[in-house]
Amino acid sequence: MKTDFRYMRRKVFGTTMLGLSLLAALAAVSMLFWILGYTFIKGVSAVNFDFFTKLPTPVGVPGGGLANSIVGSIIVVGMAALMAIPVGMATAIYLSEYGRGFFASTVRFVSDVLAGVPAIVAGIVAYALVVTRMHRFSAFSGSVSLALLMLPIIIRSSEEIFRTVPDTLREASFALGVPKWKTILSIVLKTASGGLVTGTILAIARVGGEAAPLLFTSFSNSFWNFNPGQPMATLPVDLFNYSISPYQDWQQKAWAAALVLVGMVLILNISARLYLARKGFKRNG
Amino acid sequence: MADKIAVEGLNAWFGKTQALHEINMAVPENSITAIIGPSGCGKSTFIRCINRMHEEIRGAYSSGRVILDGEDVYGSGVDPVLIRRRLGMVFQKPNPFPTMSIKENAVAGIILNKRLNRHEIEETAEKYLRRAALWDEVKDQLNKPGISLSGGQQQRLCIARALAVEPEVLLADEPASALDPISTAKIEDLFTDLKERYTIVVVTHNMQQAARISDRTAFFLSGRLIEYGTTDKIFTNPSDKRTEDYITGRFG
């Protein structure tokens, strides 16, 4: 009888804890949906065709859009990706295929530390390295700051993915008399490609919404600019500027910018998942 | 028969652990040599030393000489990459490249090292898939992924892949241990056919297999070569007590 009582008590305890953890999960997810929903409700009325095609208008003039900062965001993040991807991939290859001993563990440690650096610090570094030398704000300096943020994410996610490539494949290639560098390029990279693409897309999505490092690097711009050496508008920075402004139509624009930004990040995330799912399916098919 | 491979005073280590002790052994050309012995006796390490795969494992190294056609595989200035093209290897678990089709897998060793046009790829793939006795089973699905095949077919695909590099020797590390009896029989028949062109060294856990296909058998125990001779002699009249005990199933 005593054992039955203990069993019941454990069962009740187990069920209670399961309920609590479900509740916590629900709370976490509902916060996300609340943010998405609220952004949607507040922003959707200001998202129209003009928002994607027109330049911003001065205060008080109705209409206009944020076409320049949508394009600006794509350019700044794109240039950051062009800087971070080659360096990050090469570092990840070094760490997973060659790196052993003190130097490799130092690199790994530094990249972990870099991953923990606050975004605004990356901005200050880019400011000191680029802005103070060029004597002006520029899209390029913004890209440098975002690249600094992307780099550790790409390094660590790619290294993990390279490690999931089974050693038996490397051995199979070596045993065929294929040199190591060729094995890495043709076997390891190719086998890992699905995961690498996904990891990179997630890294891009991660930095795409950053405003802090861009505030004093790429700054902002009310007009079209395609010159990386000049200040360039980006969605997160416009979102910040518009939301702290006292004008109602600007605040409305900020909500719209928030919605578009969240939408872009969401699309990137979903496409990463879809890509991986398709790739995985093909591999098993 | 001339000796294809002569191993002289071979020692191998994993870090501080010595896995092979002073192995001396000659492998005749166009024969099948079976390596038998209990798990952990150094069989796999031994054949991985022959094509210099042993040193790819971190902390692993070896000493001694492995003479292939009069040339020391470990001689100074010998590139292990080039040596491995002369000594093909088949592994315990079939390991076709997952990103490649059946056809591409068959010629992987060639296309990874030089460019082939489409016609050459087709021709070469067919030639070696035939040689590995797989052609009839896959000729209608050459563009499917290599890993879509059954385990036994995958292993023959890996054999085709190894043969396509035109090696002189085929080293096989328990090539049938992960396969069902029918696939195993196919691999055994294949090896018997391949003996005409290649020198084959096969590690096996399966003593019946060694008795069925090999001309000579080497018995390893605790990293040492205990006895080496014709398969007939080893299985019917071994000179060492330990060989006899192992063959008759008294240990291992």
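A. Spatial organisation of the interface of chain B and chain A. Taken together, the contact pairs 26 residues of chain B with 20 residues of chain A. Summed over both sides, the interface of chain B with chain A buries roughly 2,000 Å², with 66% coming from carbon and sulfur. Linking chain B to chain A there are one salt bridge. Put simply, arginine 48 of chain B and glutamate 171 of chain A hold a salt bridge, and the shortest N to O gap is 2.6 Å. There are four residue pairs in polar contact (both at pLDDT 80 or more) connecting chain B and chain A. Listing elements by their share of the side of chain B that touches chain A, those giving two or more residues are helix 2 (80-86), strand 6 (87-90), helix 4 (108-111) and helix 7 (151-164) of chain B. Here the element with the most residues in the side of chain B that touches chain A is helix 2 of chain B; it accounts for three residues. Residue classes in the side of chain B that touches chain A are distributed as 15 nonpolar, five polar and six charged.

B. View of a nonpolar patch on the surface. A contiguous nonpolar patch, built from Ile120, Val121, Ile124, Val125 and Leu129 of chain A and spanning about 390 Å² of accessible area, is present on the exposed surface. Inspection of the secondary structure assignment puts leucine 129 of chain A in helix 5 (residues 119-134).

C. View of the nonpolar core. Membership of the largest hydrophobic core comes to 45 residues, with the highest contact counts inside it found for Leu129, Ile159, Leu170, Phe191 and Leu194 of chain B. The dominant element in this core, judged by the number of residues it contributes, is helix 7 of chain B, at six residues. Every residue in contact with leucine 194 of chain B, bar those within four places of it in the chain, is listed here: Arg131, Ile159, Leu163, Leu170 and Ile200 of chain B. In terms of nonpolar packing, the next biggest core, distinct from the first, is built from 44 residues, Met89, Leu146, Ile187 and Leu196 of chain A among them.

D. Broad picture of helix 3 (residues 67-98) of chain A. Spanning 32 residues, helix 3 of chain A covers 45 Å between terminal C-alpha atoms, matching the ideal 46 Å at 1.5 Å per step. Along helix 3 of chain A, the sharpest change in direction is near 25° and occurs at alanine 84 of chain A; proline proline 86 of chain A comes one to four residues later.

E. Structural detail: the environment of arginine 250 of chain B. As for its placement among the helices and strands, arginine 250 of chain B is situated in the segment after helix 11 (241-247). Discounting residues that sit within four places of it in the chain, arginine 250 of chain B has contacts with Lys241 and Asp245 of chain B.

F. Structural view of the packing of aromatic side chains. Residues and elements named next belong to chain A. Summed over the entire model, instances satisfying the criterion amount to 13 aromatic pairs over all chains. Ring centres 6.5 Å apart and planes at 45° place the aromatic pair tyrosine 127 and phenylalanine 137 in the tilted group. Taken as a pair, tyrosine 127 in helix 5 and phenylalanine 137 in the loop between helix 5 and helix 6 (139-164) lie far apart in primary sequence, ten residues in all. On the basis of relative accessible area, phenylalanine 137 is assigned to the partly exposed category, the value being 26%.

G. Structural view of the side chain of serine 214 of chain B. Residues and elements named next belong to chain B. Relative to the assigned elements, serine 214 resides in the loop between helix 9 (207-213) and strand 9 (216-221). Using a relative accessible area of 8% as the deciding quantity, one classes serine 214 as buried. A distance of 3.2 Å separates the side chain of serine 214 from the side chain of threonine 217, its partner in a polar contact. At 2.7 Å, the side chain of serine 214 and the side chain of threonine 231 are in polar contact. Beyond its immediate chain neighbours, meaning those up to four positions away, serine 214 contacts Ile32, Thr33, Ala34, Gln209 and Thr231.

H. Looking closely at the confidence of the model for chain B. In this model, chain B carries a mean pLDDT of 93, and residues with pLDDT of at least 70 account for 99%. Predicted as a complex, the structure gets a pTM of 0.85 and an ipTM equal to 0.91.

Cut-offs and rules
Residues numbered from 1 in each chain as written. Chains lettered and ligands numbered in written order. Predicted model: local features only at pLDDT ≥ 70, side-chain atom pairs only at ≥ 80, totals over all residues. Heavy atoms only, no water. Contact = heavy atoms within 4.5 Å. Buried area = accessible area lost by both parts, 1.4 Å probe. Salt bridge = Lys/Arg side-chain N within 4 Å of Asp/Glu carboxyl O. Polar contact = N/O pair within 3.5 Å; in protein donor to acceptor, adjacent residues only side chain to side chain. Helix = DSSP H or I, 4+ residues; strand = E, 2+ residues; numbered from the N terminus. Nonpolar A, V, L, I, M, F, W, Y, C, P; charged D, E, K, R; others polar. Patch = residues over 30% accessible without salt bridge, like charges linked within 9 Å, V, L, I, M, F, W, Y side chains within 5 Å. Areas by Shrake-Rupley, 256 points an atom, 1.4 Å probe, with all protein chains shown as cover. Core = buried A, V, L, I, M, F, W, Y, C linked by side-chain atoms within 4.5 Å. Buried < 20%, exposed > 50% of the residue type's maximum accessible area, 1.4 Å probe, protein only. Expected span 1.5 Å × (residues − 1). Bend = angle between axes of the 7 residues up to and from the residue. Phe/Tyr/Trp six-rings, centres within 6.5 Å; stacked < 30°, edge-to-face > 60°. pLDDT = per-residue confidence, 0-100.

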